[in-house]
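What follows is the residue order along each chain.
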Amino acid sequence: MAGGVTPPRVLVERLASSRRAGLTFESAWPSALDSALAAASIGSERREWAHVLGEMVVTWRAAWDRRPASGPEHALGGLLDDERVVPI
């Protein structure tokens, strides 16, 4: 994935663009997901991303609706914070 273009990044950008254009989540999701999967370089990687992103559709929908992250989602985000995580 050249230049840091990853399927999740493409999905975020496409969904954000669709939301700004006034589309509904239901109408935006299929094409945004297709665009995101096209960013995966090989077929096996594309299948893995399809599974992972597809399993997270409820989370993506919540973000679209600007609902706060659930407890587990919030905890996972904390793992990305170097100041809150102690290295093993």
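Definitions and limits used
Residues numbered from 1 in each chain as written. Predicted model: local features only at pLDDT ≥ 70, side-chain atom pairs only at ≥ 80, totals over all residues. Heavy atoms only, no water. Axes fitted to C-alpha atoms, helices over the stretch in contact; angles between N-to-C directions. Helix = DSSP H or I, 4+ residues; strand = E, 2+ residues; numbered from the N terminus. Left-handed = near helix turned anticlockwise from the far one by under 90°. Contact = heavy atoms within 4.5 Å. Nonpolar A, V, L, I, M, F, W, Y, C, P; charged D, E, K, R; others polar. Polar contact = N/O pair within 3.5 Å; in protein donor to acceptor, adjacent residues only side chain to side chain. Buried < 20%, exposed > 50% of the residue type's maximum accessible area, 1.4 Å probe, protein only.

**Points about the packing of helix 2 (residues 25-38) against helix 3 (residues 43-55)**
Orientation of helix 2 relative to helix 3, taken along the N-to-C sense of each, is 145 degrees, at an axis distance of 9 Å. Taken as a pair, helix 2 and helix 3 cross one another with a handedness that is right-handed. Facing helix 2, whose interface residues are Trp 29, Leu 33, Ala 36, Leu 37 and Ala 38, helix 3 presents Arg 46, Trp 49, Ala 50 and Leu 53. Tallied by class, the residues present in the contact of helix 2 with helix 3 amount to eight nonpolar, no polar and one charged.

**Re the environment of Ser 31**
By secondary structure assignment, the location of Ser 31 is in helix 2. Separated by 17 residues in sequence, Ser 31 and Arg 14 place their C-alpha atoms 8.3 Å apart. Within the local environment of Ser 31, its side chain forms a polar contact with the backbone oxygen of Ala 28, the two atoms lying 3.4 Å apart.

**Topic: the side chain of Ser 18**
Note that Ser 18 resides in helix 1 (residues 7-20). Its relative accessible area of 12% is what places Ser 18 among the buried residues. Once you skip the residues sitting within four places of it in the chain, Ser 18 turns out to touch Leu 23, Ala 28 and Trp 64.

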